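Here are the chains, one letter per residue:
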Amino acid sequence: MARRNRPEKRIIEPDVRFNDRKVQSFINRIMKDGKKSTAATQVYAAFDIMEKKAGKPGLEIFHAALKEVAPNMEVRPRRVGGATYQVPMEVDPERQFALATRWIITAVRSRAGKTLAEKLAAELLEAASGQGASVRKREETHKMAEANRAFSHYRV
């Protein structure tokens, strides 16, 4: 059952330190139990760790990691005459950001030991250089889309 109308997009205010909307959105997604200041502290600490390790601005590494993890194609189920096909489709930019952040956060939380800031810094550095669990997830998604290319004529 489809919705009658789409809810309007909420405008997220840019974050305090970098004046960047994506960073603020990322902080919001890291946040647990409404503890935004704790989440912000962890994210900024991770940015500082990345700057020390890579010698480049943390914001630059963050955007490079997001670009590396964001998928271009994904499969979506489509029912045609009783059969469900996995149809490869292009991913719009908002969803690319949503998937990239979700995969990065999942990878960070599944890492062993250390503080959240250290795990986040390590994952973002790996992602920016094209490695890490979150990049692997993107590769799997692209493989699925490639494998199901035969059904691309069922696009919605």
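Residues numbered from 1 in each chain as written. Predicted model: local features only at pLDDT ≥ 70, side-chain atom pairs only at ≥ 80, totals over all residues. Heavy atoms only, no water.

Caption draft 1: Summary view of the packing of helix 2 (residues 36-54) against helix 3 (residues 58-69). Where helix 2 meets helix 3, the axes come as close as 8 Å, and the angle between the chain directions of the two elements is 95 degrees. For the element pair helix 2 / helix 3, the angle class is roughly perpendicular. Contacts between helix 2 and helix 3 pair Phe-47, Met-50, Glu-51 and Ala-54 from the former with Gly-58, Leu-59, Ile-61 and Phe-62 from the latter. In terms of residue class, the contact of helix 2 with helix 3 is made up of six nonpolar, one polar and one charged. (Axes fitted to C-alpha atoms, helices over the stretch in contact; angles between N-to-C directions. Helix = DSSP H or I, 4+ residues; strand = E, 2+ residues; numbered from the N terminus. Parallel < 35°, antiparallel > 145°, perpendicular 65-115°, else oblique. Contact = heavy atoms within 4.5 Å. Nonpolar A, V, L, I, M, F, W, Y, C, P; charged D, E, K, R; others polar.)

Caption draft 2: Representation of unusual backbone geometry. You will see that Asp-33, though not glycine, has its phi angle at about 55 degrees, which is positive. Along the chain, Asp-33 turns up in the loop between helix 1 (21-30) and helix 2. Under the relative-accessibility criterion, Asp-33 is labelled exposed at 76%. Even without glycine at this site, Lys-114 takes up a positive phi of about 55 degrees. Relative to the helices and strands, Lys-114 is located in the loop between helix 4 (93-110) and helix 5 (116-128). (Buried < 20%, exposed > 50% of the residue type's maximum accessible area, 1.4 Å probe, protein only.)

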